[in-house]
Amino acid sequence: MNPRYPVFIPTKGRWESRLTIRALEKIGVPYKAVIEEQEYDNYAAVVNPANILVLPHRDKGLVVTRNWIWDYALSLGVPRFWTIDDNVKAFFRWNNNLKVPVTTGSIFCAMEDFVER
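Residues numbered from 1 in each chain as written. Predicted model: local features only at pLDDT ≥ 70, side-chain atom pairs only at ≥ 80, totals over all residues. Heavy atoms only, no water.

(A) Representation of the packing of aromatic side chains within the structure. This structure, assessed with the given rule, holds six aromatic pairs. Here F8 and Y72 contribute two aromatic rings whose centre-to-centre distance is 5.9 Å and whose plane-to-plane angle is 85°, an arrangement assigned as edge-to-face. Residue F8 is found in strand β1 (residues 7-10), and its partner Y72 is found in helix α3 (residues 62-76); the two are separated by 64 residues along the sequence. Judged by relative accessible area, Y72 falls into the partly exposed class, the value being 25%. Ring plane angle 90° and centroid distance 4.9 Å describe the contact between W82 and F108, whose orientation is recorded as edge-to-face. One end of the pair, W82, is in strand β4 (residues 82-83); the other, F108, is in helix α4 (residues 106-116), and 26 residues separate them in sequence. Accessibility classification places W82 together with F108 in one group, the buried group. (Phe/Tyr/Trp six-rings, centres within 6.5 Å; stacked < 30°, edge-to-face > 60°. Helix = DSSP H or I, 4+ residues; strand = E, 2+ residues; numbered from the N terminus. Buried < 20%, exposed > 50% of the residue type's maximum accessible area, 1.4 Å probe, protein only.)

So this is what it looks like as C-alpha cells:
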C-alpha cells in the first residue's frame, strides 16, 4: 500500500546522500524530488528523472519552495499532500514499546486514514 496523496521532497545539494529519497525507494513509496534547475544534472544522474520536479526559481529558500509545492499540489487538484524533509534516514513505527522499521508505504496510508476521520 502506498499513500493516496503525492509525496514531495524539497532538496538542495544532497544528491550524494539522498537520505529521504533512498528511504522512500526502499519501502516503495512514489515521490517527487523538488530541486533547483542548476542541480538537475546532479540529481538526474542518481534519481529517476521522472521523480524530479524543477522549481521555477533559484536560491529563494525553503519557505518559498514549500509554498511553491503547496501551489503545485493545489494545481493537481489533490486535497492533501506530503512534504518530507530531505534528511530522513528511515521510517519507523512504535509497537509494544519497540521502534520497528516499516517496510511498505502502509504507514502513510494509516496516517491518511486517521486524518480523513
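(B) Region of interest: the pairing of strand β6 (residues 98-101). As paired elements, strand β5 (residues 92-95) and β6 share four bridges and run antiparallel to each other. Paired with W94 across the two strands is K99, which belongs to β6. Taking the residues between adjacent antiparallel strands as the criterion, β5 and β6 are bridged by two residues, where N96 takes a positive phi near 50°. (Pairing = 2+ DSSP bridges.)

(C) Spotlight on the pattern of salt bridges. A full pass over the atoms with the stated rule returns seven salt bridges. Between K12 and D59 there is a salt bridge; the shortest N-O distance is 2.7 Å. Taken as a pair, K12 in the loop between β1 and α1 (19-27) and D59 in the loop between β3 (52-54) and α3 lie far apart in primary sequence, 47 residues in all. By sharing partners, the salt bridges in this structure join K12, E36, R58 and D59 into a single network. (Salt bridge = Lys/Arg side-chain N within 4 Å of Asp/Glu carboxyl O.)

(D) Structural context of the sheet that holds strand β2 (residues 32-35). Read across the sheet, four strands follow the order β3-β2-β1-β4 without closing on themselves; strand pairing throughout is parallel. Bordering the open sheet on either side are β3 and β4, each of which pairs with just one other strand. The pairing of β2 with β3 spans three bridges and is classified as parallel. Following the sheet pairing, A33 is matched in β3 by I52. Seen against the sheet, α3 touches β1, β2, β3 and β4 and runs at an angle of roughly 160° to β1. (Contact = heavy atoms within 4.5 Å. Axes fitted to C-alpha atoms, helices over the stretch in contact; angles between N-to-C directions.)

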